[in-house]
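Structure at a glance
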Amino acid sequence: MVYKLFSRKLAQSLARCLLCGGASGEVGICSACTQELPALGRGCRYCALPLAAAKDNICAACLQRPPALKKISAAWQYAYPINHLIQHFKYHRNLAAGHSLIQLAARQLGLPEDMPDILTPVPLHWRRYWQRGYNQAQLIASGLGQYWCLPVDLQLLRKTTSTKTQSQLSRNQRLKNLSDSFTVRGEISGAHIGLVDDVVTTGATLEIITRQLLKAGAKQVSAFVLARTP
């Protein structure tokens, strides 16, 4: 329902491509601009970083220290114009950009090989939610759930503590910053959870939440994001 209302509100604002101004079609970005978006290519199955050799499936870092996540699936690299669109969606209330990103990401990712039982977004602390007015991860999760015909639980995870901004922190600092800041609310024993967010940088947030979900009884956790930073 959240995503249906979101989509309906934007339907009339997407007649022109958000990038070039030409006719956009139904997703708000024309086909020519869509083909120029920075595809991620072949990446590590765990962290989605580009691989050095074509024969590899897992990067050296994940071989040395396998993450709790089974897999991260990212639609694009976090590079222009994807980074520009995500920033406007996330910080400037540009819901048209968000709508376009969600629709195109669902197509770019395709149906997951190992379909999760349920999707759930990375939560915002209530103060951040109040400041921003919405959680972009909720909208992404709802859109992917609609596209893939999967149930979406917007309340499964809760961020219980307000943490420092993560952008300038290292992975270890992020892990420490996020420790014990998320709780699981609901019965998920034996379930494959699909965790949804906008961007993965170090993977610390996804890792902390995955540990909590596994501790609560989830069978496995996969992540789906719009973009992966280099």
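The structure this text deals with has already been given above.
Let me begin by describing the structure that accompanies this report. (Residues numbered from 1 in each chain as written. Predicted model: local features only at pLDDT ≥ 70, side-chain atom pairs only at ≥ 80, totals over all residues. Heavy atoms only, no water.)

This part takes up the side chain of Thr229. Secondary-structure assignment places Thr229 in the segment after β6 (220-228). Its relative accessible area of 11% is what places Thr229 among the buried residues. Excluding residues that lie within four positions of it along the chain, Thr229 makes contacts with Leu49, Tyr78, Val199, Val200 and Thr201. (Helix = DSSP H or I, 4+ residues; strand = E, 2+ residues; numbered from the N terminus. Buried < 20%, exposed > 50% of the residue type's maximum accessible area, 1.4 Å probe, protein only. Contact = heavy atoms within 4.5 Å.)

Time to look at the environment of His192. By the secondary structure assignment, His192 is in strand β5 (residues 192-200). Here His192 falls in the buried class, since its relative accessible area comes to 2%. Separated by 76 residues in sequence, His192 and Pro116 place their C-alpha atoms 4.9 Å apart. Ignoring any residue separated from it by four or fewer positions in sequence, one finds His192 in contact with Asp114, Met115, Pro116, Asp117, Ile118, Lys219, Gln220, Val221 and Ser222. Only 2.8 Å separates the side chain of His192 from the side chain of Ser222, close enough to count as a polar contact. (Polar contact = N/O pair within 3.5 Å; in protein donor to acceptor, adjacent residues only side chain to side chain.)

Here the focus is the packing of helix α5 (residues 95-109) against helix α7 (residues 136-148). The angle between the axes and the distance between the axes are what describe a pair of packed helices. At a closest axis distance of 9 Å, the pairing of α5 and α7 adopts a crossing angle of 40°. For the element pair α5 / α7, the angle class is oblique. Pair α5 / α7 crosses with right-handed handedness. Every residue of α7 that contacts α5 at Leu95, Ile102, Ala106, Arg107 and Leu109 is listed here: Leu139, Ile140, Gly143, Leu144, Tyr147 and Trp148. (Axes fitted to C-alpha atoms, helices over the stretch in contact; angles between N-to-C directions. Parallel < 35°, antiparallel > 145°, perpendicular 65-115°, else oblique. Left-handed = near helix turned anticlockwise from the far one by under 90°.)

Taking 1.5 Å of rise per residue, the twelve residues of helix α9 (residues 204-215) would be expected to cover 16 Å, and the 17 Å separating its terminal C-alpha atoms lies within 8% of that figure. Taken as a whole, α9 has its buried residues at Ala204, Thr205, Leu206, Glu207, Ile208, Ile209, Thr210 and Leu213. Residue Gly217 follows α9 closely and has a positive phi angle near 115°. (Expected span 1.5 Å × (residues − 1).)

This part covers the sheet that holds β6. Strand order across the open sheet formed by four strands is β1-β6-β5-β2, with parallel pairing between neighbours. Of all strands in the sheet, those bounded by a partner on one side alone are β1 (71-77) and β2 (118-121). This sheet shows a mean twist of 25° between the axes of neighbouring strands, independent of strand direction. Note that β5 and β6 share eight bridges and pair parallel. Directly across from Leu195, in β6, lies its bridge partner Ala223. Along the sheet face, α5 touches β1 and β6 and points at about 120° away from the line of β1. (Pairing = 2+ DSSP bridges.)

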